[in-house]
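Analysis of the macromolecular model
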Amino acid sequence: MTTAKPPIRLGFFTRLLDQADAAERYRLAIAQIVHAERCGFDSAWVAQHHFHEDEGGLPAPFVFLAQAAAQTARIRLGTGIVTLPLELPIRVAEDAAVLDLMCGGRLEVGIGPGGNLSAFEAFGLDSAERTALLIRYHRVLLDAWAGRPLPGGDRLYPPNPGLVGRVWQATFTVEGARRAGAAGDGLMLSRTQPRPAEAPYLSLPDIQHPMIDAYLEALPPNRAARILASRTVFVADDREEALRLAGIGLARQRARYAKIGRAVLVEGMPVHDQIAAMDIHLGNPGDVTASLRADCTLARATDLTVQVHSIDPPHEFILRSIELVAGVVAPALGWVRNDGAAARHVA
């Protein structure tokens, strides 16, 4: 098994799911990103979701990241992800190019095919075509940023060749990981993902190791591996407090799943079983450090990105979790704080 770098880069990820209206969600997420920078995190990532406020609170990631860029100076800012098949790729290329120039080259662009299939109908598209659209639009992004002629002969203004090496692809499949590797892009691994019907108790590392293998095998020899492992990580000073908040947050998640017919979490299921089913790392700093050390996927990742979903505790607990991750947990996993790396790319 080929081994990549340990998780020496630390990211904070949010889907903007605070229990508040949209304006307050945006304000709180900005505060969390600013706090992550203050605590030394290397990157901050936001997800794009259309329509479903319980799944994600942000349909316009570049608009949001422009505000985050204005209130930060060092932390790298990423999309995790833009649902590229639902976008005009030239507009994505333009928005990303402008934002990257305005924030001093701190932008990372994560893309993916999207999981909300009903959104495709609203956009007048066929969800069965989303992988083909992703492949086609990915090529358009690279051509545009590189300054190559586009259909009709025009070229992007402003071009931004630096973004070509800062693309990431999110996937749940081995084939998607192979495609990301062949393109020389980064690979984004999910915090959790559905288990195959024939192997319902398969561990998350057992699912993701074959994806990493395929990615590394397809990666051109002149491209460094970039493997981002996203994980649900909620650290509190007290284990019982963490479990109490987990019970509240997971009850909300169970209700959401019930509405869409998913049986990942069921009524009466003990909180500890729910935590295991959702691949959550939770507790005091010692608990979480031990839990993450047992996740052998992380030994092959170059980036560890933490999120509090689906616990979604109140804002002040998110801030404290950020502090404890940066101050205790991440250093125990090999992360070294580097506040002076203002222009350091993850590529």
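**Side note on the overall build of the chain**
Across its full length, the chain carries 11 helices and nine strands. Against the compact-globule benchmark of 20 Å for 347 residues, the chain has a radius of gyration of 19 Å, which places it among compact chains. Overall, the chain is about 60 × 45 × 45 Å in size when its C-alpha atoms are taken along their principal axes. Counting every atom, the chain has about 14,600 Å² of accessible surface; 57% of that belongs to carbon and sulfur. Of the charged side chains in the chain, 35 are positive and 38 negative, and the gap between their average positions amounts to 4 Å.

**Side note on the packing of helix H10 (residues 285–293) against helix H11 (residues 315–332)**
Angle between the axes and distance between the axes are the two parameters that describe a pair of packed helices. In contact at an axis separation of 9 Å, H10 and H11 are set at 40° when each is read in the N-to-C sense. Relative to H11, the element H10 lies oblique. Considering how the two elements wind past one another, H10 and H11 form a crossing that is right-handed. Residues Pro285, Val288, Thr289, Leu292 and Arg293 of H10 lie in contact with H11, whose contacting residues are Leu324, Val328, Val329 and Ala332. Residues that form the contact of H10 with H11 fall into these classes: seven nonpolar, one polar and one charged.

**Comments concerning the nonpolar core**
Residues Ile33, Phe41, Phe64, Trp145 and Leu282 are the most contacted members of the largest nonpolar core, which totals 85 residues. The residues touching tryptophan 145, leaving out its near neighbours within four places in the chain, are Ala93, Ala96, Ala97, Val109, Leu156, Pro159, Asn160, Pro161, Leu163, Val164 and Val167.

**Examining the packing of helix H1 (residues 22–38) against H11**
Two numbers describe how H1 lies on H11: the axes approach to 10 Å, and their chain directions differ by 20°. Taken as axis vectors, H1 and H11 run roughly parallel relative to one another. In this structure, H1 crosses over H11, and the sense of that crossing is right-handed. Only His315, Ile318, Leu319, Ile322 and Glu323 of H11 make contact with H1, whose side of the interface consists of Leu28, Ala31, Gln32, His35 and Ala36. Per-class residue counts for the contact of H1 with H11 are six nonpolar, three polar and one charged.

**What about unusual backbone geometry?**
Cis geometry is found at the peptide bond from tyrosine 157 to proline 158, where omega equals -5°. You can see proline 158 is positioned in the loop between helix H5 (130–146) and strand E5 (167–170). The residue after histidine 309, namely serine 310, is reached through a cis peptide bond having omega 15°. Here the phi dihedral of phenylalanine 51 falls at roughly 80°; this positive angle occurs in a residue that is not glycine. Looking at where phenylalanine 51 falls in the secondary structure, it is placed in the loop between strand E2 (43–46) and helix H2 (61–70). One non-glycine residue, aspartate 312, adopts positive backbone phi at about 50°. Here aspartate 312 shows up in the loop between strand E9 (303–307) and H11. With a relative accessible area of 9%, aspartate 312 lands in the buried category.

**Describing the confidence of the model for the chain**
Across the chain, the average pLDDT comes to 93, with 93% of residues at 70 or higher. Below a pLDDT of 50 lies the segment residues 342–347, which in the model reaches 19 contacts outside its immediate sequence neighbourhood of four places, other chains included.

**A word on the pairing of strand E4 (residues 107–112)**
Across the six residues of E4, six count as buried, placing the element largely inside the fold. Pairing of strand E3 (residues 76–83) with E4 involves five bridges; the strand directions are parallel. In the strand pairing of E4, threonine 83 is matched with glycine 112. Of the crossover connections in this fold, the one passing from E3 over helix H3 (residues 89–102) to the parallel E4 is right-handed. Where E4 lies against E5, three bridges are found, and the strand directions are parallel. In the strand pairing of E5, valine 109 is matched with valine 167.

The rules we used
Residues numbered from 1 in each chain as written. Predicted model: local features only at pLDDT ≥ 70, side-chain atom pairs only at ≥ 80, totals over all residues. Heavy atoms only, no water. Helix = DSSP H or I, 4+ residues; strand = E, 2+ residues; numbered from the N terminus. Rg over C-alpha atoms; globule rule 2.2 N^0.38 Å. Areas by Shrake-Rupley, 256 points an atom, 1.4 Å probe, with all protein chains shown as cover. Lys, Arg positive; Asp, Glu negative; His and termini not counted. Charge placed at Lys NZ, Arg CZ, Asp CG, Glu CD. Axes fitted to C-alpha atoms, helices over the stretch in contact; angles between N-to-C directions. Parallel < 35°, antiparallel > 145°, perpendicular 65-115°, else oblique. Left-handed = near helix turned anticlockwise from the far one by under 90°. Contact = heavy atoms within 4.5 Å. Nonpolar A, V, L, I, M, F, W, Y, C, P; charged D, E, K, R; others polar. Core = buried A, V, L, I, M, F, W, Y, C linked by side-chain atoms within 4.5 Å. Buried < 20%, exposed > 50% of the residue type's maximum accessible area, 1.4 Å probe, protein only. pLDDT = per-residue confidence, 0-100. Pairing = 2+ DSSP bridges. Right-handed = clockwise from strand over helix to strand, strands pointing away.

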